[in-house]
Structure formats: C-alpha cells, structure tokens
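# A structural walkthrough
The chain contents come next:
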Amino acid sequence: MLTQTTSRVLEPSDLDAALAVLDREPVVNAFVTSRVQIAGLDPWRLGGEMWGWYESGMLTSLCYAGANLVPICATPRAVRAFADRARRAGRRCSSIVGPADATTQLWRLLEPTWGPAREVRGRQPLMVTDRMPARIAPDPHVRRVRKDELEAVLPACVAMFTEEVGISPLAGDGGLLYQARVAELVGTGRSFARFGTDGRVVFKAEIGAATDRACQIQGVWVAPEYRGQGLAAPAMAAVLRYALTDIAPVASLYVNDFNTPARRTYQRVGFQETGALMSVLF
C-alpha cells in the first residue's frame, strides 16, 4: 500500500478503488464512470490513462487523460499533481472538461505551457432531474433512431457538433471516429430523433453516458428552421421519459451559460441547476 501523498497511472487491478471514487459523485462523473464500467482501466480499451492521487495510502482523486482531460473529485493538491503529470506528458487531448473549481485551477496551471486555448467556457451549468414534468407532454413523434436511419441522422449530428464546438467533427480523420460514435449510440438505442415528412431530422438528442445511477443527455439540436416554435420542450420531455424509464433514475445535462433559450427549455422540462462545469477547447 502507498503510504505517502503521490500520483500514479492506475492499473486494471485498481478498478474497484477507482469506481469507489467515481461513485462519490455519480451524476457529475457519469461520463467517465460509464467508460470505466465498460472498459476497465486498461489504457488501450479505455482510450486513455486514469491517473490517481493518493493521500495517506488511500486513492482520493482521479484524472482521466484521453481525448479529454477530466479531473474527478480532485482536491487542490491532486490538481497540482495532475497538472505536473500533464505538462510532462504534453497535450494530447482536444479539451479539458470537469467541475468548474478544479478545472479552473488545472487550466491556470497548464495555460502557460498548453495555451492559448481556442475557447474557454468558464461556466456551464449542470442540470439534473429525476422526474417527468407535470405540465409538458412528451412529443409522441420523438423516438429511437433505427440502425437503418444512421445516414439520415448523421448530418444533424455533424451540424450540432459544428455549431456547438466550432469545428467540424469530420476534420482530421475524415470523421471516422465520430461516425463510429454516432453508430454506437444508434446501435445501443441511445439516439433519439423526430423526423419531418421529408425524412430530415427536425430534433435530435442522445444519451451519451449511462450508468445504473445516472445518465447524461447530450447533443440536443433543433433544425434551424424549426427553432422558436415550442418544439424543444416536448421533444426533451420525450427523451427524458426514455432516459428515466429505460436507463437510469437520474438524468443530467450541461449547457453553456450564455445559451439562455436552452436553459429556459430545460427548466421548463424540470431540470434544475445543481453545479457547474468548465470546458477548455483546443
């Protein structure tokens, strides 16, 4: 057993200890927890390393270092250790995402060597609900996307990503990884859409992460020509019904603080702000 304060790359044998840390904040950590539950801690299967911070021999904080750098239950001392490790390794991620306080500290330490960022989103409210709205009826036209509809939903996914992140997900590898991710969500029944009479997507969203305790809704998008018509709230209620009935007892999402229409929609559906995340985009 480690008896000092130290950080190290976790190994598959550390799985139970890592899951115990993740389970301390099941809603905030749903994305990483879902990956770890499926892939374990082997870096090749996980798609990155899991760093651990030990206090008096006990694993107390984590940091996922893959396509994203994600501090998890990270104390200030742990953040400093993770920043040191990240500087030595060099930037390999496309973003830093995590609870606002820890991510702010982590970015402050990394910015001199990793900066400048393409964009910093300093406060993204985390919104949570565990029940259906009383006054918003779910849109009956929102349903799971079928596997044979992948080509129909993909353009909407690309449009959402480009609008949200500022770059196309088809850049770099031609979109192979992104298309595989969309196909995975469709194949597992976690992609939802409303299609217009012409077969094009009017609304879409995914349940991007799922554990037995919480799930995370992501990729919410309304076709531009349908915005402002009151479509989003009933559509979100429909996705929420699938989430709470089939996936987990709690649903969450996070949204940019400047996206006032989206925040109002989520509030109408019953989501309440319980914290804030921060994203640094490269």
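Preceding block: the structure.
We now turn to the structure provided with this report. Because the structure is a prediction, the values reported are computed rather than measured.

On to the pattern of salt bridges, then. This structure, assessed with the given rule, holds 18 salt bridges. Residue D130 is joined to R131 by a salt bridge in which the shortest nitrogen-to-oxygen separation is 2.9 Å. For R131, a relative accessible area of 56% corresponds to the exposed category. The structure contains a network of salt bridges with shared partners spanning R143, R146, D148 and E149.

Now for the pairing of strand 3 (residues 58–65). The buried fraction of strand 3 amounts to 7 of the 8 residues, a majority that puts the element mostly inside the structure. Hairpin connection from strand 2 (residues 49–55) to strand 3: 2 residues lie between these consecutive antiparallel strands, with S56 at a positive phi of about 50 degrees. Alignment of strand 3 against strand 4 (residues 68–72), held across 4 bridges, turns out to be antiparallel. By the bridge assignment for strand 4, L62 is matched with I72. Where strand 3 hands over to strand 4, the hairpin turn is made up of 2 residues, counted between the paired strands.

A few words now on the packing of helix 8 (residues 232–247) against helix 9 (residues 260–269). It is the contact of helix 8 with helix 9, at a shortest axis distance of 9 Å, that shows an interaxial angle of 55 degrees. By the angle between their axes, helix 8 is oblique relative to helix 9. Crossing hand, helix 8 versus helix 9: right-handed. In contact with A232, A233, M236, A237 and L240 of helix 8, helix 9 contributes T265, Y266, R268 and V269. Here the residues of the contact of helix 8 with helix 9 sort into 7 nonpolar, 1 polar and 1 charged.

On to the packing of aromatic side chains. Taken as a whole, this structure holds 6 aromatic pairs when the rule is applied. Taking 6.4 Å as the distance between ring centres and 40 degrees as the angle between the ring planes, the aromatic pair formed by W51 and F82 counts as tilted. On the criterion of sequence distance, the pair formed by W51 in strand 2 and F82 in helix 4 (residues 76–89) is long-range, its members being 31 residues apart. Judged by relative accessible area, which is 3%, W51 ranks as buried. Exposure remark for F82: the relative accessible area of 1% places this residue in the buried category.

Time to look at the packing of helix 4 against helix 5 (residues 100–114). In helix packing, the relevant descriptors are the interaxial angle and the interaxial distance, both defined with respect to the helix axes. Relative orientation of the contacting elements helix 4 and helix 5 amounts to 30 degrees, with a least axis distance of 9 Å. Considering the angle they form, helix 4 stands roughly parallel to helix 5. In this structure, helix 4 meets helix 5 at a crossing whose hand is right-handed. Residues P76, V79, R80, F82, A83, A86 and R87 of helix 4 form the contact with helix 5, whose own contacting residues are A102, Q105, L106, L109, L110, T113 and W114.

P116 follows G115 through a cis peptide bond whose omega is 0 degrees. Within the element layout of this structure, P116 appears in the loop between helix 5 and strand 6 (119–129). We note that S56 has phi near 50 degrees; this positive angle belongs to a residue other than glycine. Note on S56: relative accessible area 61%, which makes it exposed. Despite not being glycine, C73 shows a phi value in the positive range, around 50 degrees. Relative to the elements of secondary structure, C73 occurs in the loop between strand 4 and helix 4.

Before going further, it helps to examine the side chain of K204. Locating K204 in the fold gives a position in strand 9 (residues 201–210). Within the local environment of K204, its side chain forms a polar contact with the backbone oxygen of G219, the two atoms lying 2.8 Å apart. Setting aside chain neighbours within four positions, we find K204 in contact with A156, C157, M160, F192, A193, G219, V220 and W221.

What follows covers the environment of L126. In this fold, L126 is placed in strand 6. Linking L126 and S252, residues 126 residues apart in sequence, is a C-alpha distance of 7.1 Å. Filtering out sequence-adjacent residues up to four positions away, L126 remains in contact with V28, S252, L253, Y254, Q272, E273, T274, G275 and A276.

Take helix 5 next. Residue pairs spaced three or four apart in an α-helix point in one direction, given the helix's 3.6 residues per turn. Here helix 5 spans only 18 Å end to end across 15 residues, well under the 21 Å set by a 1.5 Å rise per residue. The sharpest bend along helix 5 measures roughly 35 degrees and falls at R108, with the proline P112 sitting one to four residues further on. Within helix 5, burial applies to A100, A102, T103, Q105, L106, W107, L110 and W114. For helix 5, the elements touching its buried residues are strand 4, helix 4, strand 5 (95–99), strand 6 and strand 12 (272–281).

Definitions and cut-offs
- Residues numbered from 1 in each chain as written.
- Predicted model: local features only at pLDDT ≥ 70, side-chain atom pairs only at ≥ 80, totals over all residues.
- Heavy atoms only, no water.
- Salt bridge = Lys/Arg side-chain N within 4 Å of Asp/Glu carboxyl O.
- Buried < 20%, exposed > 50% of the residue type's maximum accessible area, 1.4 Å probe, protein only.
- Helix = DSSP H or I, 4+ residues; strand = E, 2+ residues; numbered from the N terminus.
- Pairing = 2+ DSSP bridges.
- Axes fitted to C-alpha atoms, helices over the stretch in contact; angles between N-to-C directions.
- Parallel < 35°, antiparallel > 145°, perpendicular 65-115°, else oblique.
- Left-handed = near helix turned anticlockwise from the far one by under 90°.
- Contact = heavy atoms within 4.5 Å.
- Nonpolar A, V, L, I, M, F, W, Y, C, P; charged D, E, K, R; others polar.
- Phe/Tyr/Trp six-rings, centres within 6.5 Å; stacked < 30°, edge-to-face > 60°.
- Polar contact = N/O pair within 3.5 Å; in protein donor to acceptor, adjacent residues only side chain to side chain.
- Expected span 1.5 Å × (residues − 1).
- Bend = angle between axes of the 7 residues up to and from the residue.

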